[in-house]
Amino acid sequence: MAMGCLPLLFYSPPFIILSSIMKHYFTLATLAFCLLLSACSISGIFTDYNQLTQEEKEKVVKCTEDISKINDFNKLYVVNVAQIKQFITEKQNVVVYSYVPFCTSKNCISPKTLIDDMKAKGYSTLIVSDTYADAFISVGSNFPLLMIDNTVYKTKLRGKYTELFHKDLLGVPLKSINYASYHLFQNGKYVKSYQNYKEIE
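Residues numbered from 1 in each chain as written. Predicted model: local features only at pLDDT ≥ 70, side-chain atom pairs only at ≥ 80, totals over all residues. Heavy atoms only, no water.

**Student:** Help me understand the overall build of the protein in this model?
**Tutor:** The helix and strand tally for the protein stands at five helices and seven strands. Reading the helices (α) and strands (β) of the protein from amino to carboxyl end gives α-α-β-β-α-β-α-β-β-α-β-β. By the burial criterion, 37% of the 201 residues in the protein qualify as buried. Excluding contacts between residues fewer than 6 apart, the proportion of contacts in the protein whose partners are at least 24 apart in sequence is 59%. (Helix = DSSP H or I, 4+ residues; strand = E, 2+ residues; numbered from the N terminus. Buried < 20%, exposed > 50% of the residue type's maximum accessible area, 1.4 Å probe, protein only. Contact = heavy atoms within 4.5 Å.)

Okay, here's the thing in structure tokens:
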């Protein structure tokens, strides 16, 4: 009986080891394949400028005039904080909307809805996006769509240049306002940020 068990004892360990190795390789291969698919489809990590078509890229321009003088709404205007602050000082009440085109949260609304609602309350509105992904769905309406100039901050990482931009604009870090999207300015000065635009009186 001992001799009959010898082949089983002799061959089992290599088989078990080989099986374990194959399982690990399969797991790693599956993980690598999933990561590859994700890398091709995930938006929002960088500027996503490369997701634009050639026709769209030709409509992305640096703003070289006062924002209040823009009248061609078929282009996407790259702006810096100084240009936005200039607009804010020209108006008594301004709401700056940190617009993320692909956001599906209940607090994310269309720029037109916000502009119409704020206009009824006596506010001017600026729509500023931090990503090129899906941005052109709002280009061509009756307002200028603005884009953060990430080159000012020498990075393409969306989280980094967005944080730095808002720190320059508001004077406070985004975390301190719980990453709110609606920023109220009165008489040229930052007042408060809101998660829900309906709270702006």
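**Student:** Help me understand the packing of aromatic side chains in this model?
**Tutor:** Aromatic rings in a pair are described by how distant their centres are and how their planes are angled relative to each other. Within the structure shown, the criterion is met by five aromatic pairs. Measuring from ring centre to ring centre gives 6.0 Å for Tyr-182 and Tyr-197, while their planes differ by 50 degrees; the resulting arrangement is tilted. Of this pair, Tyr-182 sits in strand β6 (residues 182–186) while Tyr-197 sits in the segment after β7 (189–194); the two residues are 15 residues apart in sequence, bridging distant segments of the chain. You can call Tyr-182 buried: its relative accessible area is 0%. (Phe/Tyr/Trp six-rings, centres within 6.5 Å; stacked < 30°, edge-to-face > 60°.)

**Student:** Mind showing me how you'd approach the packing of helix α3 (residues 81–90) against helix α5 (residues 158–170) here?
**Tutor:** The relative placement of two packed helices comes down to the angle between their axes together with the axis-to-axis distance. Between α3 and α5, the least distance of the axes is 10 Å, while the angle of their chain directions is 35 degrees. Handedness of the α3/α5 crossing: right-handed. Of α5, the residues touching α3 (which contributes Val-81, Ile-84, Lys-85 and Ile-88) are Phe-165, Asp-168 and Leu-169. (Axes fitted to C-alpha atoms, helices over the stretch in contact; angles between N-to-C directions. Left-handed = near helix turned anticlockwise from the far one by under 90°.)

**Student:** When you look at α5 in this model, what are you seeing that I'm missing?
**Tutor:** Helical geometry note: an α-helix holds 3.6 residues per turn, so side chains three or four residues apart project in the same direction. Its 13 residues give α5 an end-to-end C-alpha distance of 18 Å, which sits within 8% of 18 Å, the value for a rise of 1.5 Å per residue. Along α5, the positions that sit buried rather than exposed are Arg-158, Tyr-161, Thr-162, Phe-165, His-166, Leu-169 and Leu-170. Angularly, the buried residues of α5 cover 145 degrees about the axis, an arc narrow enough to put them on a single face. Elements in contact with the buried residues of α5: α3, β3 (93–99), β4 (124–129), β5 (145–148), β6 and β7. (Expected span 1.5 Å × (residues − 1). Arc of directions from axis to C-beta.)

**Student:** Looking at this structure, how should I read a nonpolar patch on the surface?
**Tutor:** On the surface, Ile-45, Phe-46 and Leu-157 cluster together into a nonpolar patch covering about 280 Å² of accessible area. Structurally, Phe-46 is set in the loop between α1 (2–41) and α2 (54–57). (Patch = residues over 30% accessible without salt bridge, like charges linked within 9 Å, V, L, I, M, F, W, Y side chains within 5 Å. Areas by Shrake-Rupley, 256 points an atom, 1.4 Å probe, with all protein chains shown as cover. Salt bridge = Lys/Arg side-chain N within 4 Å of Asp/Glu carboxyl O.)

**Student:** Looking at this structure, how should I read the state of the cysteines?
**Tutor:** Between two cysteines, a covalent bond joining their sulfur atoms is known as a disulfide. In the structure shown here, the tally under the stated rule is one disulfide. In this model Cys-103 forms its disulfide with Cys-108; the gap between the sulfur atoms is 2.0 Å. Taking the torsion about the sulfur-sulfur bond, which here is approximately 65 degrees, the covalent link between Cys-103 and Cys-108 counts as right-handed. The exposure class assigned to Cys-103 is partly exposed, which follows from its relative accessible area of 28%. Exposure remark for Cys-108: the relative accessible area of 24% places this residue in the partly exposed category. (Disulfide = S-S within 2.5 Å.)

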